[in-house]
Amino acid sequence: MRRELQPKKLSVYFAETVTGDYNQDISFLLVGKKGQGKSYAQLSIAYHTAKAIAEIRGGTWSDYFGMENVAIVDPLRAVEVITNAQKNNVYIYDDIGIGWNARDFAKEDNKSKNDIFQINRVDNTVQMFSVPNQFLLDKVPRSLVSHYGEMDQQFFKFGFTTLKLFEPRTLFREGKQLQPYLFVNRQKFIKYVIPAPPDELRKEYDKERARITKLLIQQRKEMMTRNAEGGASSTGIGRNRYSAKEKVARALEYVNLGESVRSACFRAGCPESTFFRKRREVESELNNRPTPPRTHKPKMAVP
């Protein structure tokens, strides 16, 4: 069989695409139910793609992929990863439905990530997203991904899984998107066999996943507890025990410890709009000095 017609490994196909002469990138959405092996499949594809990139560009696979390129569930970590992309690197956004949720499409954080996702092609990266259901992910990355995969069969006992791979095509005039199978070198690829990732990489991933999961569960518990304690009712039972200023003060404590405003407000149960509106006033009270007066533009007289 002629070399150009030989079946191409998925990792080699991804690597050749992002290192080629045509300024291309790969954005790959992988969908599958819990327990079907999405995370390990992504980890394996990322590892082998990084190896293939290293063979083309030089260096070792760790120059192009490592746990610092992985965001697992955590929305704040997803922001860090997407805003610090390096050329020809491979990135994973695992179970990113929480960090890039379709229900939060109007939030500024989602809009910012969408903007970066649309313009960062110049970095020629491989970005891989995984979700249990594609509609959990924001519409922008979901509709603009270059490749779409679905977990197929699991052969954990034998050390591999299979997935079906598609290359979405958008019919702009009709507003529809088709998902034909990947077609390379006059060959249609329906299934890919994905081997298990290296043990060392898998252990690092499992450790980070456990840490992030524990942290997010704790944050959700704190939020649920605050909601239960602060839920208003017609009888006045369960009235919120923290005033707006107290919430802002708690958020300021987290900010002073190095957390972002978004994370601090989340942990303190304080709306970000309230934080920015009352921040100066609360800081002045905490420092025992009068609040500086707000300056207003003089109103123009109506003739």
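Residues numbered from 1 in each chain as written. Predicted model: local features only at pLDDT ≥ 70, side-chain atom pairs only at ≥ 80, totals over all residues. Heavy atoms only, no water.

(A) Just the pairing of strand β1 (residues 26–31), in detail. The element β1 is largely enclosed, with a buried count of six among its six residues. The alternating pattern of β1 places Ile 26, Phe 28 and Leu 30 on one face and Ser 27, Leu 29 and Val 31 on the opposite face, and all of these are buried. When β1 meets strand β4 (residues 126–131), the two strands line up parallel, connected through six bridges. Pairing of Leu 30 across the sheet is with Ser 130, part of β4. (Buried < 20%, exposed > 50% of the residue type's maximum accessible area, 1.4 Å probe, protein only. Helix = DSSP H or I, 4+ residues; strand = E, 2+ residues; numbered from the N terminus. Pairing = 2+ DSSP bridges.)

(B) Just helix α1 (residues 10–19), in detail. Burial analysis of α1 places eight of its ten residues in the buried class, the great majority of the element. The complete set of buried residues in α1 reads Leu 10, Ser 11, Tyr 13, Phe 14, Ala 15, Thr 17, Val 18 and Thr 19.

(C) Inspection of the packing of helix α7 (residues 244–256) against helix α8 (residues 261–268) at higher detail. Where α7 contacts α8, the axes come no closer than 8 Å and their chain directions differ by 135 degrees. As the angle between them shows, α7 and α8 are arranged oblique. Relative to α8, the crossing made by α7 is right-handed. On α8, the residues touching Lys 247, Arg 250, Ala 251, Tyr 254 and Val 255 of α7 are Val 261, Ala 264, Cys 265, Arg 267 and Ala 268. (Axes fitted to C-alpha atoms, helices over the stretch in contact; angles between N-to-C directions. Parallel < 35°, antiparallel > 145°, perpendicular 65-115°, else oblique. Left-handed = near helix turned anticlockwise from the far one by under 90°. Contact = heavy atoms within 4.5 Å.)

(D) Local environment of α7. Relative to the 18 Å expected for 13 residues at 1.5 Å per residue, α7 spans 18 Å between its end C-alpha atoms, a close match to the ideal helical length. Within the span of α7, buried status applies to Lys 247, Val 248, Ala 249, Ala 251, Leu 252, Tyr 254 and Val 255. Its buried side turned inward, α7 meets α8 and α9 (272–286). Looking at the residues trailing α7, positive phi occurs at Gly 258, about 105 degrees. (Expected span 1.5 Å × (residues − 1).)

(E) Here's a closer look at the confidence of the model for the protein chain. Averaged over all residues, the pLDDT of the protein chain equals 79, while 77% of them reach at least 70. By mean pLDDT, helix α4 (residues 108–119) is the weakest element of the protein chain at 58, and helix α2 (residues 38–57) is the strongest at 97. This stretch, residues 231–239, has a pLDDT under 50; its non-local contacts, to residues over four places away or in other chains, come to eight contacts. Counting interchain partners and residues more than four positions distant, the pLDDT-below-50 stretch residues 294–303 has two contacts. (pLDDT = per-residue confidence, 0-100.)

(F) Quick peek at the sheet that holds β1. Strands sit in the order β2-β3-β4-β1-β5-β6-β11 across an open sheet of seven strands; the sheet is mixed. Each edge of the sheet is formed by a strand with only one pairing partner; in this case those strands are β2 (70–72) and β11 (191–195). When strand polarity is set aside, the average angle formed by the axes of neighbouring strands in this sheet is 25 degrees. Sheet analysis places strand β5 (residues 147–155) next to strand β6 (residues 160–166), joined by seven bridges and oriented antiparallel. Bridge pairing in β6 links Gln 153 to Thr 162. Those strands touched by α2 are β1, β3 (90–94), β4, β5, β6 and β11, and its axis lies near 175 degrees from that of β3.

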